[in-house]
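As a plain string of letters, each chain reads:
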Amino acid sequence: MSPMLPVVGSAASTPTAKVPLRRSALVRKREDDDEETPSSPSKKSRVSFDSDVEVRMVEDWEQSPEFIHNEVRRALANRAVGDSAGYDKIKAVFSVKKNENEETSPKVIRHYTNALLANVSALSKSNSDLVHGVINSQWLGRQEDYVAVFMRFLANLVSAQGTYLGETIRMLVSNLTAAPPSEGKSTNSPPLSRPTIYARAHKALHYLLQIIPSASRALSSALIDAFPNELDSRRNHIIYVQNLLRLIGYVPELREEVLRLITERLVKIDVQVQLDLQDLADETGEGLVEKIPQFRPDIMGDEEETDSSDDESESDLDEEGDAEAQRTKEIIKNVEKMDAILDILFSHYDQVFTKSTMQDQIASLNILLSHFSTIILPTHRSRHTQFLLFHFAQQSTEHVDAFVGACAQITFDKKQPAMIRQASAAYLASFVARGMHVAAPIVREVFDYLDSELERLRHTYEPSCRGPDLRRYSSFYVLTQAMLYIFCFRWRDLQYGTEDDFNDDEMESYPYEHHLKPGVKEALSANSFSKLNPLKVCSPAIVNEFARLGNHLGVIYLYHLLETNKRVRLVRHVDPTFTHVNRETALSARGDEEQHLDEYFPFDPYHLPKSKRWLAGDYREWVGVPGLDEEEQSASASDEEDSEEEEGTETD
């Protein structure tokens, strides 16, 4: 007869113990059929789980906050004595990467974060791998209550363990880029828009800076490191620049640094575009910027747009696939990128100059002037960035005076390198000539200032001058070209007006009813006919236009001098023993164009399709002189008729 076995969990068993989460019963297996199986003394009884009894495992989400708190405390303590089992489990909680299917439940990860928050004093450098995993975990896309807990954890962590400040700042800044690494779209949370993600990152950064104001020092270098590479897409640049400008709203002490960073990167793109355009074939590069259509609006909130969207504007281009066509596409991408950044900066500064106090306006103008003197001016061939200053310097007479004064100070400062002084003279002349809101009194004042300096240079150089020499007398030629350029655009403002007092004798000395103020004609004549011969060295395009205009207005006649200059060869070497002017021969005629001044004037017409709207009403286009073109056309027609008559006479 088989021995009797007690049924586990029955009323006849030993006193019961309360098992809250797991209830099981081991029962002796009974056969359903009538045939009995002989028992064997050497065989153990077979047991199974009763199908009527619920079997449950303790799940992670059912762990209490107190349990997890104690678990984390013990894990950190055990790690200190070499037991890393619990420590590794905590690391695993935060190690789930973006887009992985398995993830810790929101409640559990919040409990673990709170537990770490309570033990930040134990998160020393020896536990840096755990801290690194937590800092770089997926938190921005989770529920709002968890984001709040995580922000408190970050603030307490860097307060207690300053070694993690740099890493924390870099993580937050990286989430201001086009692809926030901490976004972590959780399957347990509703999807969030990209603006919401950026708003959370800004909120966390702002909160951290309020707790630790000194963190702004670490923030500055992190912003530089995270700035998109100049080869990155337009979208990447727009998003990061917009976030930078949003950041300085709550970190005003970094405003100048942030704007400087944006301007530096913008100038690099600007210069690269100019170099690329020069390398293209003339027929391809000429007018390329003007042909680019108006671009898309702000894309900060457009989550569907990717880098491939930068190709949308290429549909109108040649698709043959050759190297030049591909380079053209790349140039257009960079132009659109530069245009978008400039439009954002125009909008940012406009908020200050139109809606802020005069003190704030002056502060912003000083920032622009600082960027001009340290970034834009020393950079050869910047083409568009300087129009920020061109526009905002014309917002008031005081601002015009400030920019003109800054240019004049650099131009006439002998301590400045020659290249900087020459570039500053070009900016001064171009601003005065092209600025629609540069008043006539300022034009006259700059003209007189140039005349005074040119007179001093003539007295210095002429006694030893033996002929035109660009290298030896470059400062004189640069200022002369600036004077001629201003005259060509603003000669009307160098005349007497109805508001001026003058006598009849002064009026009668100027024919064609173009009555220039005293000293203007004399200054133009003295410099044009100087022994230094600036008309041979200055840009031929400017010299020819000045000659046409001066002759038409009856101010100065230069054509005989220009004819003589065709036989004068420029000196190419700085040699104090050089005592004669070289005459041009057939062999020496080539290469003189390299000895002319560059006709670069930094405020030439602005054609960027989107940002050009900010310059409406600011820019003075070239306006021909009434009667001059008609006069030349009539003279040309008369010459053709005379030529035809002579040919007819010879035929007869």
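Here goes a summary of the coordinates provided. All figures in this text were calculated on a predicted structure; none of them were measured in a lab.

### As for the packing of helix α6 (residues 165–174) against helix α8 (residues 215–226)
Turning to step 1, where the next piece is worked out: Put simply, α6 and α8 touch, their axes get as near as 9 Å, and they point 50° apart. Between α6 and α8, the crossing angle belongs to the class labelled oblique. For α6 against α8, the interelement crossing comes out right-handed. Every residue of α8 that contacts α6 at Leu-165, Ile-169, Arg-170 and Val-173 is listed here: Ala-215, Ala-218, Leu-219, Ala-222, Leu-223 and Ala-226.

### Quick word on the pattern of salt bridges
Turning to step 1, where the next piece is worked out: Inspection of the entire model under this criterion finds 11 salt bridges.
Turning to step 2, where the next piece is worked out: One salt bridge connects Asp-493 with Arg-490, and the closest N-O pair in it is separated by 2.7 Å. Both residues of the pair, Asp-493 and Arg-490, count as buried.

### Focus on helix α7 (residues 194–211)
Turning to step 1, where the next piece is worked out: With 18 residues, α7 should reach 26 Å at 1.5 Å per residue; the first-to-last C-alpha distance of 26 Å fits that figure.
Turning to step 2, where the next piece is worked out: Turning to α7, its buried residues are Arg-194, Ile-197, Tyr-198, Arg-200, Ala-201, His-202, Ala-204, Leu-205, Leu-208 and Leu-209.

### Structural notes on the packing of helix α5 (residues 144–160) against α6
Turning to step 1, where the next piece is worked out: Relative orientation of the contacting elements α5 and α6 amounts to 150°, with a least axis distance of 9 Å. Comparing the axis directions of α5 and α6 gives the class roughly antiparallel. Read as a crossing pair, α5 and α6 show a hand that is left-handed. The residues of α6 that touch α5, namely those facing Phe-150, Leu-154 and Val-158, are Leu-165, Thr-168, Met-171 and Leu-172.
Turning to step 2, where the next piece is worked out: Classifying every residue of the contact of α5 with α6 by side-chain character gives six nonpolar, one polar and no charged.

### What about the environment of Ala-226?
Turning to step 1, where the next piece is worked out: Its place among the elements puts Ala-226 in helix α8.
Turning to step 2, where the next piece is worked out: The spacing of Ala-226 and Arg-170 is 56 residues in sequence and 8.2 Å in space, taken between C-alpha atoms.
Turning to step 3, where the next piece is worked out: If sequence neighbours within four positions are ignored, Ala-226 has contacts with Val-173, Thr-177 and Tyr-240.

### Remarks on the nonpolar core
Turning to step 1, where the next piece is worked out: With 175 residues, the main nonpolar core has Trp-139, Leu-219, Leu-223 and Phe-487 as its most contacted residues.
Turning to step 2, where the next piece is worked out: Leaving out residues up to four positions away in the same chain, Trp-139 has contacts with Tyr-146, Val-147, Phe-150, Met-151, Met-171, Leu-172, Ser-182 and Ala-204.

Parameters at a glance
- Residues numbered from 1 in each chain as written.
- Predicted model: local features only at pLDDT ≥ 70, side-chain atom pairs only at ≥ 80, totals over all residues.
- Heavy atoms only, no water.
- Axes fitted to C-alpha atoms, helices over the stretch in contact; angles between N-to-C directions.
- Helix = DSSP H or I, 4+ residues; strand = E, 2+ residues; numbered from the N terminus.
- Parallel < 35°, antiparallel > 145°, perpendicular 65-115°, else oblique.
- Left-handed = near helix turned anticlockwise from the far one by under 90°.
- Contact = heavy atoms within 4.5 Å.
- Salt bridge = Lys/Arg side-chain N within 4 Å of Asp/Glu carboxyl O.
- Buried < 20%, exposed > 50% of the residue type's maximum accessible area, 1.4 Å probe, protein only.
- Expected span 1.5 Å × (residues − 1).
- Nonpolar A, V, L, I, M, F, W, Y, C, P; charged D, E, K, R; others polar.
- Core = buried A, V, L, I, M, F, W, Y, C linked by side-chain atoms within 4.5 Å.

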